[in-house]
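Below are the chains, spelled out letter by letter.
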Amino acid sequence: MSITNGVFDAADSTFTAVAISGSKTVQALVVYKDTGSAATSPLIAYIDGFTAVTPNGGNITVTWDNGASKIFAL
């Protein structure tokens, strides 16, 4: 992830072999800084408002916007 002039950007991400038991869906993405401890890893963004994805054991690719606002802008 990079931050330039308040604009957050990153390479597209692929989550491989995603499987969740039951009939659950992925309805949001959580972006956080991993400090090595969940208790001190701050939330950067909670992104929802997209079409939910139902994992089926295949890959899920997140393609970030390449427009001016990228992932998001402050």
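Preceding this paragraph is the structure being described.
Predicted model only: the values in this text are computed from it and were never measured.

### So, the overall build of the chain
Next up, step 1: A count of helical and extended segments in the chain gives zero helices and seven strands.
Next up, step 2: When the backbone C-alpha atoms are referred to their principal axes, the chain occupies close to 40 × 30 × 20 Å.
Next up, step 3: Of all 74 residues assigned to the chain, the portion counted as buried reaches 18%.
Next up, step 4: Here the analysis covers contacts within the chain between residues at least 6 apart in sequence; of these, 63% occur between residues at least 24 apart.
Next up, step 5: Total accessible area computed for the chain in this model is approximately 5,300 Å², and 53% of it derives from carbon and sulfur atoms.

### Details of the packing of aromatic side chains
Next up, step 1: Taken as a whole, this structure holds one aromatic pair when the rule is applied.
Next up, step 2: When the centroid spacing of 4.2 Å and the interplanar angle of 20° are considered together, the rings of F8 and F72 count as stacked. Here F8 is found in strand β2 (residues 7-9), whereas its partner F72 is found in strand β7 (residues 72-73), with 64 residues between them in sequence. As far as the burial class goes, F8 and F72 line up, both buried.

### A look at the environment of I44
Next up, step 1: Here I44 shows up in strand β5 (residues 43-47).
Next up, step 2: The spacing of I44 and F8 is 36 residues in sequence and 10.0 Å in space, taken between C-alpha atoms.
Next up, step 3: Residues contacting I44, with those up to four places away along its chain left out, are F8, V31, Y32, K33 and F72.

What counts as what
Residues numbered from 1 in each chain as written. Predicted model: local features only at pLDDT ≥ 70, side-chain atom pairs only at ≥ 80, totals over all residues. Heavy atoms only, no water. Helix = DSSP H or I, 4+ residues; strand = E, 2+ residues; numbered from the N terminus. Buried < 20%, exposed > 50% of the residue type's maximum accessible area, 1.4 Å probe, protein only. Contact = heavy atoms within 4.5 Å. Areas by Shrake-Rupley, 256 points an atom, 1.4 Å probe, with all protein chains shown as cover. Phe/Tyr/Trp six-rings, centres within 6.5 Å; stacked < 30°, edge-to-face > 60°.

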